[in-house]
Amino acid sequence: MSKKPPAKVFICKACGADFQRWAGKCSVCNEWNTIEEQVVGGGGRFETTVKETQSPRKYRSPVSVSNIEEHSYQRLSTSYSEMDLVLGGGIVPGSLLLIGGEPGVGKSTLVLEIARGLSKAGKVLYISGEESASQIGMRARRMGLFDENILLSSEIYAENIAQMVTDIRPSVVFIDSIQTIMKESLVNQAGSVTQLREATQVFLETAKRTGVPIFLIGHITKEGTIAGPKVLEHLVDTVLYFEGDRLNYYRILRAVKNRFGAVGDTAIFEMASDGLKQVLDRHRLFISPESEERSGSVLSSVMEGSRAISVEVQALVTKSSFGQARRMAEGLDNRRVILLAAVIEKYLSMPLSESDIFSNLAGGLSIDEPSLDLAITASIASSFQDKPIPRSTGFLGEVGLSGEVRSVGQIGLRLKELLGIGISKVYLPHGNLKEASGIFGDLELIGVKHLRELGF
């Protein structure tokens, strides 16, 4: 019987949906110019040659949820306490993890740092499809990494890597990057939608079968998302984003998906000549060390996953020299700043329509959380009146369109964080006052129902 020739299909590189013909817009994810022609066949995903006479597979009988045995995972520590927290306590055996980041942000350096800590527990397998072994060796020597338990390979075929993992049984596997790996049975080029999906499926099955955790390194598109179809993120257990400005020394590792822990947790690293160093004291990053009181500077607290972080909201209000006043925000939602400026102008009787407003979150952090509304409002009002706010005062709360101050969640964790940086007085929503009263005796809590009660 002759082999069926490869067929052509059109696949959306954003969501992975397949079509019989090309179209300018994907009808599944509504993205434009994402449908590309792909060649499939030869045992690929779209090969439909199952015989009709083939007997159906025997399925496993469903089990009651009350009879399912609970497995206690012995997590692997990365030797970084901050990264262990992001992962939910460490690396779960048999998990598949995806790390994404822009070129040059330090993904390969991060992987080698993790390998340094895990090599003490056993062998670590590093698959590099982009760099040669000599290039990785140069980086390892610069980082002072000399360990015989770290094994390097330039294999690019998913089936061979799976067999290698089965034979060696390392403690962890790093694949840098998934865009360079291909499945030999497919005729598509590496990095195509079909290859990404099929190779990831091979590694998923390998991780679950052998119990070896596998890290996949992925590229970032110009839109800021991991390259490849969204199904790539659905297949893995954990998705981590490694972010940072290449001109800055600090990097942030953020969990956007985690089946074994909280989502939104972050770890901060400092890039040095000999590798990455974790930053444990976050206060020196997001809060100015000076104790001098300045107008437009307000302290608050936000939730990043399962923990609270102290932040400093800054605002500058100046007389506009243009016909239309400008509203600009860095690290904050610009539309939220425009909305709050309108609320301030109406309910606090401040003529902001003729003033430029520049709002900033110190330290380069980007947060889009309603609990910062009261702090943004206080910073704008403070700058407009040139009235400094004491550094021992914090602000928490969401502001509505009618000027009311609404309750926020996790108030206990937020107040504990503010107390730890020396805050002694906190303005918070009146709805949270009963919950927070009596917990922190050293804090003076002032419940606020409306912006007018702030005293500006």
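Preceding block: the structure.
Conventions and cut-offs
- Residues numbered from 1 in each chain as written.
- Predicted model: local features only at pLDDT ≥ 70, side-chain atom pairs only at ≥ 80, totals over all residues.
- Heavy atoms only, no water.
- Helix = DSSP H or I, 4+ residues; strand = E, 2+ residues; numbered from the N terminus.
- Buried < 20%, exposed > 50% of the residue type's maximum accessible area, 1.4 Å probe, protein only.
- Contact = heavy atoms within 4.5 Å.
- Areas by Shrake-Rupley, 256 points an atom, 1.4 Å probe, with all protein chains shown as cover.
- Patch = residues over 30% accessible without salt bridge, like charges linked within 9 Å, V, L, I, M, F, W, Y side chains within 5 Å.
- Salt bridge = Lys/Arg side-chain N within 4 Å of Asp/Glu carboxyl O.
- Core = buried A, V, L, I, M, F, W, Y, C linked by side-chain atoms within 4.5 Å.

1. Quick notes on the overall build of the protein
Thought 1: What the protein contains, in helices and strands, is 11 helices and 21 strands.
Thought 2: Across the 456 residues of the protein, 50% fall into the buried class.
Thought 3: Of all intrachain contacts in the protein linking residues separated by at least 6 positions in sequence, the fraction that spans at least 24 positions is 65%.
Thought 4: Accessible surface computed for the protein: about 22800 Å², of which carbon and sulfur atoms make up 50%.

2. Here's the deal with a nonpolar patch on the surface
Thought 1: On the surface, Val 63, Val 65 and Ile 68 cluster together to form a nonpolar patch covering roughly 330 Å² of accessible area.
Thought 2: Of note, Val 65 is situated in the loop between strand E3 (35-40) and helix H1 (81-86).
Thought 3: Judged by relative accessible area, which is 71%, Val 65 ranks as exposed.

3. As for the nonpolar core
Thought 1: Counting residues in hydrophobic clusters, the biggest one holds 41 residues, and the most contacted among them are Leu 372, Ile 380 and Phe 395.
Thought 2: Listed by contribution, the elements that provide at least two residues to this core are strand E13 (297-304), strand E14 (307-319), helix H8 (334-347), strand E16 (355-361) and helix H9 (373-385).
Thought 3: Within the second largest apolar cluster, 32 residues are counted, among which are Leu 118, Ala 140, Phe 174 and Ile 217.

4. Remarks on the pattern of salt bridges
Thought 1: Under the counting rule described, the total for this entry stands at 15 salt bridges.
Thought 2: The partner of Glu 398 in a salt bridge is Arg 336, and the shortest N-O contact between them spans 3.9 Å. Here Glu 398, found in strand E18 (residues 398-399), pairs with Arg 336, found in helix H8; they are 62 residues apart in sequence, far enough to count as distant.
Thought 3: On the basis of relative accessibility, which here comes to 22%, the residue Glu 398 falls in the partly exposed class.
Thought 4: Residue classification places Arg 336 among the partly exposed residues on the basis of a relative accessible area of 24%.
Thought 5: Bridged by salt links that share partners, the residues Lys 208, Asp 237 and Arg 259 form one connected network.

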